[in-house]
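# Topology and contacts: notes
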Amino acid sequence: MRVALLTEGTRPDAPRAGDSWCDRLMDGLAEHEFRLYLLAGQGCTVETRPGRPAAVHELVMWGRRPPGRGPALHRRRQYLCAYRDLLRALVLPAERSSFAPGLYRLAELAREDGALPAFLASGHAQRALEAIWRSPGADTAAGQPQVCDVLVAGDLLEQCLRPLSAPWYGSETGGLGSADVCHVAGGGPAALPALVAKQLHGVPFVVTEHGLHLREQYRGYRAAPYRWPVRALLLGFFRLLAEETYRQAAVLTPGSEFDRRWQQHCGALPDRIRVVHEGTAAVARAAAGPEPEVPTLVWAGALEPGHDPEVMLHAFARVRADLPSARLRMYGEEGEPGYLAHCGAIAARLGLGTAVSFEGGPGGAGAAGIWAAASVVVFSGLAQGSPRLLADAMLSGRAVVTTEVGVAREVVGQAGLLVPPRSPQALAGACLALLGDHERRARTGLAGRLRAQQRFAVEPVVTAFREIYLELASRRHALPAAPGTRQQQRAQPFARPAEYWYLGEPQGVGEPSAGESPGAGAGPTGTGPTGGARRVAAGRGRGTSWAVGAGERPTGNGDRPEDRASRLFGAARVGAGSGAVGTAEPGALAEAV
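Residues numbered from 1 in each chain as written. Predicted model: local features only at pLDDT ≥ 70, side-chain atom pairs only at ≥ 80, totals over all residues. Heavy atoms only, no water.

### Re the overall build of the protein
To keep things clear, this is the line we draw: For helices the rule is a DSSP run of H or I covering at least 4 residues; for strands it is a run of E covering at least 2, with both sets numbered from the N terminus onward. Burial classification: accessible surface area is computed with a 1.4 Å probe over protein chains only, and a residue below 20% of its type maximum counts as buried, one above 50% as exposed, and the rest as partly exposed. In what follows, a contact means two residues having at least one pair of non-hydrogen atoms within 4.5 Å. Reported accessibility uses the Shrake-Rupley method at a 1.4 Å probe radius. Residues are deemed covered only where the shown protein chains occlude them.
From N to C terminus, the protein includes 20 helices and 16 strands. For the protein, with 593 residues in total, the buried portion stands at 49%. For the protein, restricting intrachain contacts to residue pairs at least 6 apart in sequence, the fraction spanning at least 24 positions comes to 68%. Of the roughly 26500 Å² that the protein leaves accessible, carbon and sulfur atoms contribute 53%.

### Digging into the side chain of His277
Mapped onto the elements of the fold, His277 is located in the loop between helix H10 (257-265) and strand E7 (296-300). Taking the relative accessible area as the measure of exposure, His277 reaches 19% and is therefore buried.

### Regarding the side chain of Arg215
Looking at the secondary structure, you find Arg215 in helix H8 (residues 213-220). Excluding anything up to four places from it in sequence, Arg215 contacts Phe258, Asp259, Trp262 and Gly385.

### Looking at the pattern of salt bridges
Under the convention used in this document: Any carboxyl oxygen of Asp or Glu that lies within 4 Å of a side-chain nitrogen of Lys or Arg is treated as forming a salt bridge with it.
For the structure shown, the criterion picks out 20 salt bridges. Ionic pairing is found between Arg75 and Asp113, a salt bridge with its closest N-O pair at 3.1 Å. Here Arg75 is found in helix H2 (residues 73-91), whereas its partner Asp113 is found in helix H3 (residues 99-113), with 38 residues between them in sequence. According to the relative accessible area criterion, Arg75 is buried, its value standing at 13%. Of the charged contacts, one joins Arg388 and Glu278 as a salt bridge, the two residues approaching to 3.0 Å between their closest N and O atoms. Residue Arg388 is found in helix H14 (residues 388-395), and its partner Glu278 is found in the loop between H10 and E7; the two are separated by 110 residues along the sequence.

### Quick word on the packing of aromatic side chains
Applied cut-off: To pair, rings of Phe, Tyr and Trp, with the six-membered ring standing in for Trp, must have centres within 6.5 Å; the planes then decide the type, stacked if under 30 degrees apart, edge-to-face if over 60, and tilted in the middle.
Taken as a whole and judged by the stated rule, the model has 11 aromatic pairs. A centroid spacing of 5.8 Å and a plane angle of 80° characterise the contact between Trp21 and Phe465, whose relative ring orientation is edge-to-face. Taken together, the positions of Trp21 in helix H1 (residues 19-28) and Phe465 in helix H18 (residues 458-475) put the pair 444 residues apart, joining distant regions of the chain. In this structure, Trp21 and Phe465 share a single accessibility class: buried. Relative to Trp168, the ring of Tyr37 lies with its centre 5.2 Å away and its plane at 65°, an arrangement referred to as edge-to-face.

### Quick look at unusual backbone geometry
For Asp308, which is not glycine, the phi torsion reads 50° and is therefore positive. Within the secondary structure, Asp308 is located in the loop between E7 and helix H11 (309-322). One non-glycine residue, Arg422, lies in the positive phi region at around 60°. Within the secondary structure, Arg422 is located in the loop between strand E12 (417-419) and helix H16 (424-435). Look at Arg422 and you get exposed, because its relative accessible area is 63%.

### Focus on the packing of H14 against helix H17 (residues 438-455)
Selection rule: Here the axes come from fitting lines to C-alpha atoms, over the contacting stretch only for helices, and the angles between their N-to-C directions go from 0 to 180 degrees. Roughly parallel covers angles under 35 degrees, roughly antiparallel covers those over 145, roughly perpendicular covers 65 to 115, and oblique covers all other angles. Crossing handedness follows the turn of the near helix against the far one: under a right angle anticlockwise gives a left-handed crossing, and clockwise gives a right-handed one. Amino acid classes used here: Ala, Val, Leu, Ile, Met, Phe, Trp, Tyr, Cys and Pro are nonpolar; Asp, Glu, Lys and Arg are charged; the rest, including Gly, are polar.
Where H14 contacts H17, the axes come no closer than 7 Å and their chain directions differ by 125°. On the basis of the axis angle, H14 is oblique to H17. In this structure, H14 meets H17 at a crossing whose hand is left-handed. Facing Ala391, Met394 and Leu395 of H14, the residues of H17 in contact are Gly445, Gly448, Arg449, Arg451, Ala452 and Gln453. Per-class residue counts for the contact of H14 with H17 are 4 nonpolar, 3 polar and 2 charged.

### Some points on the pairing of strand E8 (residues 327-331)
Filter applied, for reference: Strand pairing follows a simple DSSP-based rule, namely that at least 2 bridges must link the two strands. With strands facing away from the observer, any crossover in which the path from the first strand over the helix to the second runs clockwise is taken as right-handed.
Pairing of E7 with E8 involves 5 bridges; the strand directions are parallel. The partner of Ala300 across the bridge, within E8, is Tyr331. For the handedness criterion, the β-α-β arrangement of E7, H11 and E8 is classed as right-handed. Pairing of E8 with strand E9 (residues 356-360), which is carried by 4 bridges, proceeds in the parallel orientation. For Arg329, the partnering residue across the bridge sits in E9 and is Ser357.

### A closer look at H10
Basically, it comes down to this: It is the directions from the helix axis to the C-beta atoms whose arc is reported.
Of all the positions in H10, only Phe258, Asp259 and Gln263 are classed as buried. Projected onto a plane normal to the axis of H10, the buried residues spread over an arc of 135° and lie on a single side. Close packing links the buried residues of H10 with strand E5 (205-209), H8, helix H9 (228-248), strand E6 (251-254) and helix H15 (408-412). Where H10 terminates, the next one or two residues include Gly267, which has phi positive at roughly 110°.

### Side note on the sheet that holds E7
If you walk across this open sheet you meet the 6 strands as E9-E8-E7-E10-E11-E12, and the pairing is parallel. Edge positions in the sheet fall to E9 and E12, since each of these pairs with one other strand and no more. Averaged over all neighbouring strand pairs, the angle between strand axes comes to 20°, with direction disregarded.

### Here's the deal with the environment of Gly137
Within the secondary structure layout, Gly137 lies in the loop between helix H5 (123-133) and helix H6 (147-161). Each C-alpha atom, one on Gly137 and one on Leu92, is 6.5 Å from the other, the two residues being 45 residues apart in sequence. Residues in contact with Gly137, not counting those within four places in the same chain, are Val91, Leu92 and Pro93.

### Digging into the environment of Ser375
For Ser375, the location among the structural elements is in the loop between helix H13 (366-372) and strand E10 (376-379). A relative accessible area of 3% means that Ser375 is categorised as buried. When the C-alpha positions of Ser375 and Arg441 are compared, they lie 8.2 Å apart, and in sequence the two are 66 residues distant.

Right, dumping it as structure tokens:
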């Protein structure tokens, strides 16, 4: 099966599903042919190694727009009409339904002449944006957009829409039209090529999100260096893109029940959602060794208000009051300028002195070295959107205490202690309960390790996607159908012939060929009127294989059936004739095969 794996590479703000996850998927499904389509940042490179797909297609997503000329005058009017539909959907609540038609129309125009990036950077597009942005009733009108806002927003929209002009939408080898399934890892702009491929070729796609792209954008744009109208416009784009992606996706595979509820809130249909936990190779890692001699709490997370290190410091002060020998080691980079000094000042004011150490990042030892230094691992954040760090701590075999936010209850379950957020007293009580009972601590750590190994092993993830790919391939039409034919509405599971993968491009079923009357088109099963020809389209790029009944002259790309059969079977002698495929000599066909 041919799988197009679409993902987004390095960019300045929100991260996506990492290459390591894609690597594990491709390694586990080696029987399929993967092609990686990467929306990359400036200077992003893809390392080649065994197990990588044979072809990697890259598109520079962020940064300076690609060179190219704008559309001609008559084409510019069409671009403007589609762009206005898109913009009205972003800022006018009553025009939300015009988002998808405007998006697909821009994709169609970009595919025809490749002038979309130049058009979006032109003065015509900027004037259209300014007029609609300030129109009465627009969500952004109250923000009074300025000229600089128009320039910034137009540039950002051009970068977000750049995948529409990617040279990936053909049906030849390497194009998305030749794929059986598209798999979008991460959502957001990476879903744009999959949407276009479905619109053009009917290729179904799967969306895997480990941490919702839309939620990341809402969180990331709080600190973005743009004025409010720009942020509102871009968030409107990401919101409508997520809704359209969820509407068109055949299957959605969030990494947790927490993400599943978010997707349903954004309009995804429940029957299309299947939770597939993010597998990690860390399940094969050995458990951490003996605990440190001194009772030690290890806190992990970025030093920023969202991870709430302050409540950890206040809780540790209560722990120290009951257990003076306890130590606290805080691992994490500074998330906001000056926040490390702020936490140091709190520790000094609480009189913690040298009992608290700020260790910075994990360094060369990695996460495994962090957990090995702990008696108990503590998380005090106000949000827990991703299970990665929590699951990694559980796989170390150390007991875990975490605030009950986000995915925490789903990941930890009964194999750890959950406390309310922003409660130093509850957090201190849970830490003391584990530090004072070695047997309970060991039992909790072992239960957490077994639970994480069960939920985050790689094999269940690979098995789940193997079944999803097979299911989606079985739903597709056996052969492409011409628009308006009955086969377009009726699927034929598993009906593709074996030679489909080796021959050329199939012609549309139901399309009359040269020398054929329009009324002789094939029906849903590819069979015409009695005595007519039975056609079997059998390939992708070089022609069509025909099984022709007696009495009908062969047609199709100028090839005779006997020539086609000769190329297929080599030494087998095929009878020549004007109408029917002859019979090979006895034994010749078997020898050739």
